[in-house]
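Reading the structure
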Amino acid sequence: MIAIIDYDAGNIKSVEKALQYLGKEAVLTRDRDVILSADHAILPGVGSFGDAMERLRGYGLEEVIHEFVETGKPFLGICLGLQLLFGESEESPGVKGLDLIRGRITRIPEGDGRKVPQIGWNDITIRPDSRLFRGVPDHSYVYFVHSYYLQAENPADVAATTEYGVHIDAAVESGNVFACQFHPEKSSDVGLKILTNFVSL
């Protein structure tokens, strides 16, 4: 069973539908026991870093996420869920994130005709030994919606990168913690392959 962590963030249902399409049992929940008993957990979402952390804390989910990660079972952050895994974001100064991986969340700079937020398809450069992208061709296109981006502190954590005026760490893998800045559930067959890889871990 896959626990999709429900903290009233947007875009959670589409992750559930993608997993159901793959024939997987997925449960939207904020129940500690259900999350900790799951084989995999996913933290999706769109919205503001500060608001999201406030909701996670309000529901007592910050501790539950840390407990789940400590079990060693696979955990996946998607879009805002990736950003929340880090210690802080330029979007919400002074708000502490989950701090599970080291790095900085910074606003995408405007200029050269770039629109912020970045909305649309972009190709990614994939690290060859990535578990999350096993069998996914390098320079595959995936779907992004974001105004802030990750600069990971440890290059070894970076599973995929993209370019949008700046060099963006588009996905990370650190032990049993995985995350994508893009939306695999909206990235057609490539995204379904990534989700299949995650739930197969």
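Here is a short report on the structure shown in this document. A quick note: this is a predicted structure, and the numbers were derived from the prediction, not measured.

On to the overall build of the chain, then. Looking only at helices and strands, the chain features six helices and 12 strands. Computed over its C-alpha atoms, the radius of gyration of the chain comes to 15 Å, within 12% of the 17 Å expected for a compact globule of 201 residues. A burial count over the chain gives 54% of its 201 residues as buried. Excluding contacts between residues fewer than 6 apart, the proportion of contacts in the chain whose partners are at least 24 apart in sequence is 69%. When the accessible surface of the chain is totalled, it reaches about 8500 Å², and 48% of it is carbon and sulfur. Considering the chain, the positive charge centre built from 19 side chains and the negative charge centre built from 29 side chains are found 3 Å apart.

Attention now goes to the pairing of strand β9 (residues 148-152). Within a regular beta strand, the side chains point alternately toward one face of the sheet and then the other, so they alternate between its two faces. Summarising burial for β9: four of the five residues are buried, a large majority. The pairing of strand β5 (residues 103-107) with β9 spans five bridges and is antiparallel. Looking across to β9, one finds that Ile105 is bridged to Leu150.

Let us now look at the pairing of strand β12 (residues 177-180). Here β12 shows two buried faces, one formed by Val177 and Ala179 and the other by Phe178 and Cys180. Where strand β4 (residues 75-78) meets β12, four bridges bridge the pair, whose relative direction is parallel. Counted as the bridge partner of Phe75 is Val177 from β12. Where strand β11 (residues 167-174) hands over to β12, the hairpin turn is made up of two residues, of which Gly175 adopts a positive phi near 65 degrees.

Our next topic: the pattern of salt bridges. Tallied over the entire structure, the rule returns 13 salt bridges. Between Asp33 and Arg32 there is a salt bridge; the shortest N-O distance is 3.4 Å. Each of Arg127, Asp129, Arg131 and Glu173 takes part in one network of salt bridges that share partners.

Moving on: the side chain of Asp157. Tracing the backbone through its elements, the reader meets Asp157 in the loop between β9 and β10 (158-163). Buried Asp157, no salt bridge; nearest opposite-charge side chain is Arg127, N-O distance 6.6 Å. Ignoring anything within four residues of it in the chain, the contact list for Asp157 reads Ile101, Arg127, Ala171, Val172, Glu173 and Ser174.

Glancing now at unusual backbone geometry. The bulk of non-glycine residues show a negative phi, and the bulk of peptide bonds are trans. At the junction of Val116 and Pro117, the peptide bond is cis and its omega measures out at 10 degrees in the coordinates. Examined against the element boundaries, Pro117 turns out to sit in the loop between β5 and β6 (118-123). One non-glycine residue, His139, lies in the positive phi region at around 65 degrees. Within the element layout of this structure, His139 appears in the loop between β7 (125-126) and β8 (141-146). Judged by its relative accessible area of 42%, His139 falls in the partly exposed class.

Turning next to the sheet that holds β12. Spatially, eight strands are ordered β2-β1-β3-β4-β12-β11-β10-β7 in an open sheet, and the strand pairing comes out mixed. Only two strands of the sheet have a single neighbouring strand rather than two, namely β2 (26-29) and β7. The pairing of β10 with β11 spans five bridges and is classified as antiparallel. Among the inter-strand pairings, Glu163 is bridged to a residue of β11, identified as His167.

So, how was this worked out
Residues numbered from 1 in each chain as written. Predicted model: local features only at pLDDT ≥ 70, side-chain atom pairs only at ≥ 80, totals over all residues. Heavy atoms only, no water. Helix = DSSP H or I, 4+ residues; strand = E, 2+ residues; numbered from the N terminus. Rg over C-alpha atoms; globule rule 2.2 N^0.38 Å. Buried < 20%, exposed > 50% of the residue type's maximum accessible area, 1.4 Å probe, protein only. Contact = heavy atoms within 4.5 Å. Areas by Shrake-Rupley, 256 points an atom, 1.4 Å probe, with all protein chains shown as cover. Lys, Arg positive; Asp, Glu negative; His and termini not counted. Charge placed at Lys NZ, Arg CZ, Asp CG, Glu CD. Pairing = 2+ DSSP bridges. Salt bridge = Lys/Arg side-chain N within 4 Å of Asp/Glu carboxyl O.

In short, geometric facts, not functional conclusions.
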